[in-house]
Amino acid sequence: MSDPNNPYGQPQDGGYGYPQQPAGQPGPQPGYGYPQQGAYPPPGPGGYTGDPNAPYGYDAYGRPLSDKSKVVAGVLQLLVGGLGIGRFYTGDVGMGLAQLFTCGGCGVWSLIDGILFLTSNDRTDSQGRILHG
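## Concerning the overall build of the protein chain
And step 1. Counting secondary structure elements, the protein chain contains five helices and two strands.
And step 2. Counting from the amino terminus, the protein chain carries its helices and strands in the arrangement β-α-α-α-α-α-β.
And step 3. By the burial criterion, 23% of the 133 residues in the protein chain qualify as buried.
And step 4. At a minimum sequence separation of 6, the contacts of the protein chain that also span at least 24 residues come to 42%.
And step 5. When the accessible surface of the protein chain is split by element, carbon and sulfur atoms take 61% of a total near 9,500 Å².

Encoded structure:
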């Protein structure tokens, strides 16, 4: 005999195609997922995480943030980039010395570098952390 409310003759499973959870069996546990993922979501961008690899927090893509600012690095590069000050600020001593000895590539290298510091979102400091700002 068929159910008049079920014209297709298939047994109903409890609603919307999902089987009902049998009584007494545990459901999904909190913290399920990757081992480093906790039960609570990580703090937002710039929030303190307690992680020694990211003492200044993470950006929106999960990359660790630096304590250095990309705006400060860009302005230093534009104003005194011939001396490599913007590169020294971010901790790139080798590039800073190269800009110092070449006068910032006769001004062209320091100008392009300053613009890239201000517009790029993937500039890093000497530890590989993303510049904030």
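Still to come is the rest of the account.
## As for the pattern of salt bridges
Here the idea is simple: oppositely charged side chains can pair when their charged atoms come close.
And step 1. Applying the stated rule across the entire model yields five salt bridges.
And step 2. Residues Lys-68 and Asp-67 are paired through a salt bridge, measuring 3.9 Å at the closest nitrogen-oxygen approach.
And step 3. By relative accessible area, Lys-68 is classed as partly exposed at 23%.
And step 4. Residue classification places Asp-67 among the partly exposed residues on the basis of a relative accessible area of 38%.
And step 5. We note a salt bridge from Asp-92 to Arg-87, for which the minimum N-O separation is 3.1 Å.

## Some words on helix α5 (residues 108-119)
And step 1. Counted at 1.5 Å a residue, the expected span for α5 with its twelve residues is 16 Å, and the 17 Å between its end C-alpha atoms agrees.
And step 2. Along its buried surface, α5 packs onto α1 (70-80), α2 (85-90), α3 (93-101), α4 (103-106) and β2 (130-132).

## Topic: α1
And step 1. Within α1, the full set of buried residues consists of Lys-70, Ala-73, Gly-74 and Gln-77. Angular distribution of buried residues about the axis of α1 spans 100 degrees; they occupy a single face of the element.
And step 2. Buried-residue contacts for α1 involve β1 (65-69), α2, α3, α5 and β2.
And step 3. One side-chain oxygen of the residue at the start of α1 lies 3.2 Å from the amide nitrogen of Val-71, identifying that residue as Ser-69.

## A look at the environment of Gln-99
And step 1. Structurally, Gln-99 can be placed in helix α3.
And step 2. For the pair Gln-99 and Phe-88, spaced eleven residues apart in sequence, the C-alpha separation works out to 10.0 Å.
And step 3. In contact with Gln-99, not counting residues within four places along its chain, are Gln-77, Gly-81, Gly-82, Gly-84, Arg-87, Gly-104, Trp-109 and Asp-113.

## What about the packing of aromatic side chains?
And step 1. Considering all chains together, one arrives at zero aromatic pairs under this definition.
And step 2. Above the ring of Tyr-89, the side-chain terminus of Lys-68 is found at 5.7 Å from the ring centroid.
And step 3. Directly above the aromatic system of Phe-117 lies the positively charged group of Arg-123, at a separation of 4.7 Å from the ring centroid.

## Quick notes on the environment of Thr-90
And step 1. As for its placement among the helices and strands, Thr-90 is situated in helix α2.
And step 2. Judged by its relative accessible area of 1%, Thr-90 is buried.
And step 3. For the pair formed by Thr-90 and Val-72, sequence separation is 18 residues and the distance between their alpha carbons is 9.6 Å.

Conventions used here
Residues numbered from 1 in each chain as written. Predicted model: local features only at pLDDT ≥ 70, side-chain atom pairs only at ≥ 80, totals over all residues. Heavy atoms only, no water. Helix = DSSP H or I, 4+ residues; strand = E, 2+ residues; numbered from the N terminus. Buried < 20%, exposed > 50% of the residue type's maximum accessible area, 1.4 Å probe, protein only. Contact = heavy atoms within 4.5 Å. Areas by Shrake-Rupley, 256 points an atom, 1.4 Å probe, with all protein chains shown as cover. Salt bridge = Lys/Arg side-chain N within 4 Å of Asp/Glu carboxyl O. Expected span 1.5 Å × (residues − 1). Arc of directions from axis to C-beta. Polar contact = N/O pair within 3.5 Å; in protein donor to acceptor, adjacent residues only side chain to side chain. Phe/Tyr/Trp six-rings, centres within 6.5 Å; stacked < 30°, edge-to-face > 60°. Lys NZ or Arg CZ within 6 Å of the ring centre and 35° of its normal.

Function-wise, these values are silent; they only describe arrangement.
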